[in-house]
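Summary of structural features
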Amino acid sequence: MAIQLLVAKVLRDELSLRGMQSLSVEDSEAIAARIFERITELELELAARGFNIPASGDDRST
């Protein structure tokens with residue numbers, strides 16, 4: 001469900017940036033490409049955050 005909300009927000013943002021009320025095939029393809037780019041960016045960001053979290057029981061303050 002959260003993915004659907006993310007896609008909807010990106011689509012609204014893209015439509016607003018273009019100031020358009022209807023889409024050509026080229027515009028819809030460009031928007032779809034940007035949605036997938038953004039999702040990939042978010043996945044990478046989340047993965048990077050995971051690497052920054054110290055493992056429980058990891059005691060390096062000695």
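Provided above is the structure to which this section pertains.
Everything quoted here is computed from the prediction, not taken from an experiment. (Residues numbered from 1 in each chain as written. Predicted model: local features only at pLDDT ≥ 70, side-chain atom pairs only at ≥ 80, totals over all residues. Heavy atoms only, no water.)

1. Describing the environment of Arg12
Mapped onto the elements, Arg12 comes out in helix 1 (residues 2–18). C-alpha separation for the pair Arg12 and Ile31, spaced 19 residues apart in sequence, amounts to 10.0 Å. (Helix = DSSP H or I, 4+ residues; strand = E, 2+ residues; numbered from the N terminus.)

2. A word on helix 2 (residues 25–51)
In an α-helix, one full turn covers 3.6 residues, which means residues spaced three or four apart are oriented alike. The terminal C-alpha atoms of helix 2 lie 40 Å apart, and with 27 residues this matches the ideal 39 Å at 1.5 Å per residue to within 8%. Looking at helix 2, one finds that the buried residues are Asp27, Ile31, Ile35 and Ile39. (Expected span 1.5 Å × (residues − 1). Buried < 20%, exposed > 50% of the residue type's maximum accessible area, 1.4 Å probe, protein only.)

3. Focus: the environment of Ala8
Positionally, Ala8 belongs in helix 1. Considering only alpha carbons, one finds Ala8 and Ile35, 27 residues apart in sequence, at a separation of 9.3 Å.

4. Some thoughts on the pattern of salt bridges
Counted by the stated rule, this structure contains five salt bridges. Two residues, Arg34 and Glu41, come together in a salt bridge whose shortest N-O distance is 3.4 Å. The closest approach of N and O atoms between Glu41 and Arg38, which form a salt bridge, is 3.4 Å. Within this pair, Glu41 and its partner Arg38 are both found in helix 2, separated by three residues, close to a single helical turn. When its relative accessible area of 36% is taken as the criterion, Glu41 is described as partly exposed. Members of the salt-bridge network, linked through shared partners, are Arg34, Glu37, Arg38 and Glu41. (Salt bridge = Lys/Arg side-chain N within 4 Å of Asp/Glu carboxyl O.)

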